[in-house]
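Given next are the chains, with one letter for each unit.
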Amino acid sequence: MKNHITVFTTVSSKEEAKKISRGLVESKLAYCVNTIPSIQSTYYWDGKLCVDDELLLIIKTKEEKFSTLKDWVLENHSYDIPEVIALPITQGSSDYLKCIDDWIG
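In this report, we go over the structure that sits alongside the text.

What counts, and at which threshold
- Residues numbered from 1 in each chain as written.
- Predicted model: local features only at pLDDT ≥ 70, side-chain atom pairs only at ≥ 80, totals over all residues.
- Heavy atoms only, no water.
- 1 Å grid on protein atoms, 1.4 Å probe; cavity = no way out; pocket = protein on both sides within 12 Å on 5 of 7 lines; lining within 4 Å.
- Points joined across faces, edges and corners; volume = space filled by probe spheres on them.
- Helix = DSSP H or I, 4+ residues; strand = E, 2+ residues; numbered from the N terminus.
- Nonpolar A, V, L, I, M, F, W, Y, C, P; charged D, E, K, R; others polar.
- Buried < 20%, exposed > 50% of the residue type's maximum accessible area, 1.4 Å probe, protein only.
- Pairing = 2+ DSSP bridges.
- Core = buried A, V, L, I, M, F, W, Y, C linked by side-chain atoms within 4.5 Å.
- Contact = heavy atoms within 4.5 Å.
- Salt bridge = Lys/Arg side-chain N within 4 Å of Asp/Glu carboxyl O.

Here we look at the layout of surface pockets
Logical step 1: Space inside the largest pocket adds up to approximately 260 Å³.
Logical step 2: Lining of the largest pocket is provided by Thr10, Ser41, Tyr43, Tyr44, Trp45, Glu54, Tyr79, Asp80, Ile81, Pro82 and Glu83.
Logical step 3: Among the elements that line the lining of the largest pocket, the one with the most residues is strand β2 (residues 32-45), at 4 residues.
Logical step 4: By residue class, the composition of the lining of the largest pocket is 6 nonpolar, 2 polar and 3 charged.

Set out below in structure tokens:
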């Protein structure tokens, strides 16, 4: 199970969430992308403290796809420096993990 990961990125709009989610799944860089609406992000950017409303995308994929997925997100995202971070899936339903494997290859 070490090769499955969850990737997080935030977006500023529902339209961008749909564009990125669909693009990643259709290009087989992700098996599933969950969109969590209405999160608030507090961060430091361009010399000041910022607080913005965003949406969080939770992306399920395989570790070997991370570099390509990251590049795809960076190319298609509206932010100058979007969050693209990955965490390992250390355990999970074998049937669900097989779905990831079957879709992504």
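With respect to the pairing of strand β1 (residues 4-11)
Logical step 1: Counting buried positions along β1 gives 8 out of 8 residues, so the element sits mostly inside the fold.
Logical step 2: Side chains His4, Thr6, Phe8 and Thr10 project from β1 onto one buried face, and the interleaved Ile5, Val7, Thr9 and Val11 project onto a second face that is buried too.
Logical step 3: Where β1 meets strand β3 (residues 48-62), 8 bridges bridge the pair, whose relative direction is antiparallel. Directly across from Val11, in β3, lies its bridge partner Leu55.
Logical step 4: Bridging between β1 and strand β4 (residues 85-88) involves 4 bridges; their strand directions are antiparallel. The partner of Val7 across the bridge, within β4, is Ala86.

Let's talk about the nonpolar core
Logical step 1: Judged by nonpolar contacts, the single largest core of 15 residues is most densely connected at Val7, Val11, Leu24, Leu57, Ile59 and Leu69.
Logical step 2: Secondary structure elements with two or more residues in this core: β1, α1 (14-26), β3 and α2 (66-76).
Logical step 3: If we skip the residues at most four places from it in the chain, Ile59 touches Ile5, Thr6, Val7, Thr9, Leu24, Ala30, Cys32, Val33 and Leu69.

Observations regarding the pattern of salt bridges
Opposite charge on two side chains permits them to pair, given that their charged atoms come into close proximity.
Logical step 1: On inspection of all chains with the given rule, the structure shows 5 salt bridges.
Logical step 2: For the salt bridge of Asp71 with Lys70, the shortest nitrogen-to-oxygen distance reads 3.3 Å.
Logical step 3: For Asp71, a relative accessible area of 41% translates into the label partly exposed.
Logical step 4: When salt bridges that share partners are traced, they join Lys62, Glu64 and Asp101 into one network.

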